[in-house]
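# Examination of the molecular architecture
This is what each chain is made of:
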Amino acid sequence: MLKISEITVDYRLEPIGIDNEKPCFSWKLESDRQDTIQAKYSITVKYDNDVLWNSGIVESNQSIYIEYGGSALSPRTKYDVSVSVWDDLLINASISTSFETGLMGSWNAQWITHTLSDSEACPVFQKSFKIYKQIESARIYSTALGIYDLHLNKSRISDEYFSPGWTSYNKRIQYQTYDVTEHLKESNDLNVTVANGWYKGNFGFENRTNLYGDKAAVLLELHIKYSDDSMSIITTDESWLYSTDEIRYSEIYHGEIIDKTFTANDSFPVKIYDFKKSNIISQECEPVRIIRKLDAVELLKTPEGDMVIDFGQNLTGFVEFIGCFEKGKEIVLQHAEVLDKNGNFYIENLRSAKATDKFICSGENDIYRPRFTFHGFRYIKVTGMGNIIDIKKFKACVLHTDMRETGTFECSHKLINQLQHNIQWGQRGNFLDVPTDCPQRDERLGWTGDAQVFASTAAYNFNTSLFFEKWLKDLAADQGDAGEVPFVIPDALIREDGKVPSSAAWGDAAVIIPWTQYRAYGDKRILENQYSSMKSWIDYLSSEAGNEYLWKTGAHFGDWLGLDMEQYFTRQKYSVNASTGSTDKYYIASAFFAYSTELFIKTASELGRTDDVQKYRNLYKNIIRAFRDEYTTPNGRLVCETQTGMLLALKFNLVEEKFKEGITKRLVANIRKHNMQMVTGFVGASYLCPVLTENGYHDIAGKLLLQTKYPSWLYPVTKGATTIWERWNGIKPDGSFENPEMNSFNHYAYGAIGDWMYKKLLGISEIEPGYKVIRISPMPIDTLDWVKGHYESVYGTIGVSWNMSGKALSLKVSIPVNCKAFIGFPDGREVQVVGSGEYVFE
Ligand code: BGC
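### Details of the packing of helix α3 (residues 448–461) against helix α15 (residues 753–762)
Direction vectors running N to C along α3 and α15 enclose 55°, while the axes themselves pass 7 Å from each other. In this view, α3 runs oblique relative to α15, as classed from their interaxial angle. Between α3 and α15 lies a crossing of left-handed hand. Packed against α3, whose contacting residues are S456, T457, Y460 and N461, the element α15 presents G754, D755, Y758 and K759 at the interface. When grouped by side-chain class, the residues that make up the contact of α3 with α15 number two nonpolar, four polar and two charged.

What follows is the structure in structure tokens.
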């Protein structure tokens, strides 16, 4: 038996609204026979009965990203795709799917805006119309300046939130496509509510407003196809009206005011808004949705007398409640991540973010839920309901980009399982359309360094291909003229002088993330799309380094939050300097210059750009030579033998091979001196365990993982963490908090240990990009009796489960069709090469 279990078009199932002129098809195969590979395939793409493309029978084992090769696709058209596949025994399987194109740039509509001045209420744009014929299908293509949602005849037409998503709006703005066939009636009211959102709200590090523009606006087309084959189009134009509605105030940081008693008396004519349409692109990544709803766990009355509901999980989203409350009654929900050591509601670490939703009740049975804001919280303080609160009426709605979950990891150690839980929840909390640093305080920005260290772990937990494809395009769009990469993407830190400062390990996201994505998904398009961005980053570093080949300019975040600064240890007090750790910032900068150049050379070679390979190889040689001259002694000591300094030298191969052993020994000695603990920040922490394992000290890596004293990965777990914290000591051993100016309890960066847990403890890693060739090589550590988990690759499910009994290991693996795996054992043997199927090894 051979089966095609799934077929996707550009990673999506039966998508609508695709503007890619050459979409790619991928499928997953299943077989009841071991060792199955694909021998041939054929693809046909049709419109009605016209064949636009027939690939013919292609003898190939390629089953992912096969590019459409037919004649030009038309806008707003549904295409049928059928795929046939033969395996190596010529057993055949088939599947069909469809995709529908979007507007492909042909907008008829005009941007419309309102004439309200100084109103905090969200404008609602309205159009009423009638339909007299029978409808076959109807689509809305829409976008907004702000964030919006659509109601047709009072019902919300989609389950998406925060559309059109956050991009570098002045350069790229997404539109969405909605199937509204079922929503249309004879008489119709179409409403578009627009909130400030990222576009013009109170947002960004400096808490400004109108970051991208000062007018909310909408652009929309409704295309209706009737059963008699005729068409009609409704577009935003002067005929629309606007008013305001129940949302009287809405800001991402501060929350929402919803007045259910409000009724608008009048509607006003809209104004045509002169805004470009040339930078509108179709939705690139999965939308944000309410992915799950959590029940309240407990109602608490705090010592200060507040009524607080605990949802048991730190998360990103908002709370909904239902009930019938007296008309005009005000119910206020405030959000917090933690309670203080006395059990009181703690919001100091939110800085200026108010994170407060206020509801004015209707007097009827209603659902109360905000629409255009999100909060990072585990607890809510409820005011306006007295002391008797039915917590069953409250749900925490968890919102994030609707990426597919791809990884599980479970083991015999409870605290490590909680760590894995925290890593995954850190990702859920911070993959909300862009990779944010944190979801609760007045920040929530796309910090490049955080994304860079976490990207490989992220790709195990969820399929992040579309998520990062979109964000990396914004990174390229926001790069400075010389190739500088801003600290955050989209670049919300607009600077008066127009200069774009870049930091090592942060800006390197431009190269490291595309490469990480390529390794995880095997899709060369990410390298092609990002190639010039990657190259201009290297060229920027090159020009900063000049003939010295060392990057010694600019401000850097160093080993951000590293604990090895002298004053940190002596005073245990926060100081801004202490945030960068003690590893020399220019040492880190040149180390990353070398590493990114190395990855860029690999990229150029994957894409067959031989001229660049040659050119940048020469550059790389010069960097390495300069680095060694500047930072190593002739006998292989580093001038910067901090934990992070040594980790970078080893990880990036900056030193001669013969010196690695000595450096590793000194690294281990340093860890022992620190009581078997790390003192690394963002940069070092992600390489710590991988480098130890790869250099023969897997046991030390294991001990670091199992450490529970501060600082360690498990310390927050012992303090009841349900997400990854920004700092190793967000809550100190005595129960007091770190400096509230920077103390988020939902920052995924230190969750980067997840990559090593999947690769080394579970033992799944890729040999060829996309896991076409897999390495299964679990490396047990003391105290773990068993580990099991899986990774859903683009080919299918890779499963591993192992048990340790004494010195005997029993290992079960499953390998997807069309892949092969090298199985390695903890004693160093790499014995078996297996094809698809299930295997047991003792
Ligand atoms: C963010 C970090 C970020 C850092 C840069 C902080 O405010 O939360 O995660 O990388 O600034 O220094």
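### Overview of the site of the ligand
Every residue close to the ligand is listed here: D437, R441, E443, W447, D450, W506, F557, W560, F682, E726 and H747. Contacts to the ligand include D450, whose side-chain N or O atom sits 2.4 Å from an oxygen atom. Residue W506 places a side-chain N or O atom 3.0 Å away from an oxygen atom belonging to the ligand. A total of 310 Å² of accessible area belongs to the ligand in isolation, and the protein chains cover 97% of it. Considering only residue class, the shell around the ligand consists of five nonpolar, one polar and five charged.

### A word on the pairing of strand β1 (residues 2–9)
In terms of burial, β1 is a largely internal element, six of the eight residues being buried. The sheet contact formed by β1 and strand β3 (residues 24–31) spans seven bridges and is antiparallel. Counterpart to E6 in the pairing with β3 is K28.

### What about the environment of I331?
Tracing the chain through its elements places I331 in strand β29 (residues 330–336). In the structure, I331 is positioned 51 residues away from V382 in sequence and 7.1 Å away in space, judged by C-alpha atoms. Leave out the neighbours within four places in its chain, and I331 touches F321, F325, D357, K358, F359, C361, V382, T383, G384 and M385.

### Some details on the sheet that holds strand β41 (residues 786–792)
With antiparallel pairing, five strands are arranged side by side in an open sheet as β36-β41-β42-β43-β46. Two strands lie at the open edges of the sheet, namely β36 (407–411) and β46 (837–841), each paired on one side alone. Here the strands of the sheet are splayed against their neighbours by 5° on average, with no regard to which way each runs. Alignment of β41 against strand β42 (residues 797–805), held across seven bridges, turns out to be antiparallel. In the strand pairing of β42, V787 is matched with W802.

### Regarding the environment of K358
Looking at where K358 falls in the secondary structure, it is placed in strand β32 (residues 356–360). Note: C-alpha distance between K358 and S239 (119 residues apart in sequence) is 34 Å. Setting aside anything within four residues of it in sequence, one finds K358 in contact with E256, I257, I258, E330, I331 and V332.

Calculation notes
- Residues numbered from 1 in each chain as written.
- Predicted model: local features only at pLDDT ≥ 70, side-chain atom pairs only at ≥ 80, totals over all residues.
- Heavy atoms only, no water.
- Axes fitted to C-alpha atoms, helices over the stretch in contact; angles between N-to-C directions.
- Helix = DSSP H or I, 4+ residues; strand = E, 2+ residues; numbered from the N terminus.
- Parallel < 35°, antiparallel > 145°, perpendicular 65-115°, else oblique.
- Left-handed = near helix turned anticlockwise from the far one by under 90°.
- Contact = heavy atoms within 4.5 Å.
- Nonpolar A, V, L, I, M, F, W, Y, C, P; charged D, E, K, R; others polar.
- Near = heavy atom within 4 Å.
- Polar contact = N/O pair within 3.5 Å; in protein donor to acceptor, adjacent residues only side chain to side chain.
- Areas by Shrake-Rupley, 256 points an atom, 1.4 Å probe, with all protein chains shown as cover.
- Buried < 20%, exposed > 50% of the residue type's maximum accessible area, 1.4 Å probe, protein only.
- Pairing = 2+ DSSP bridges.

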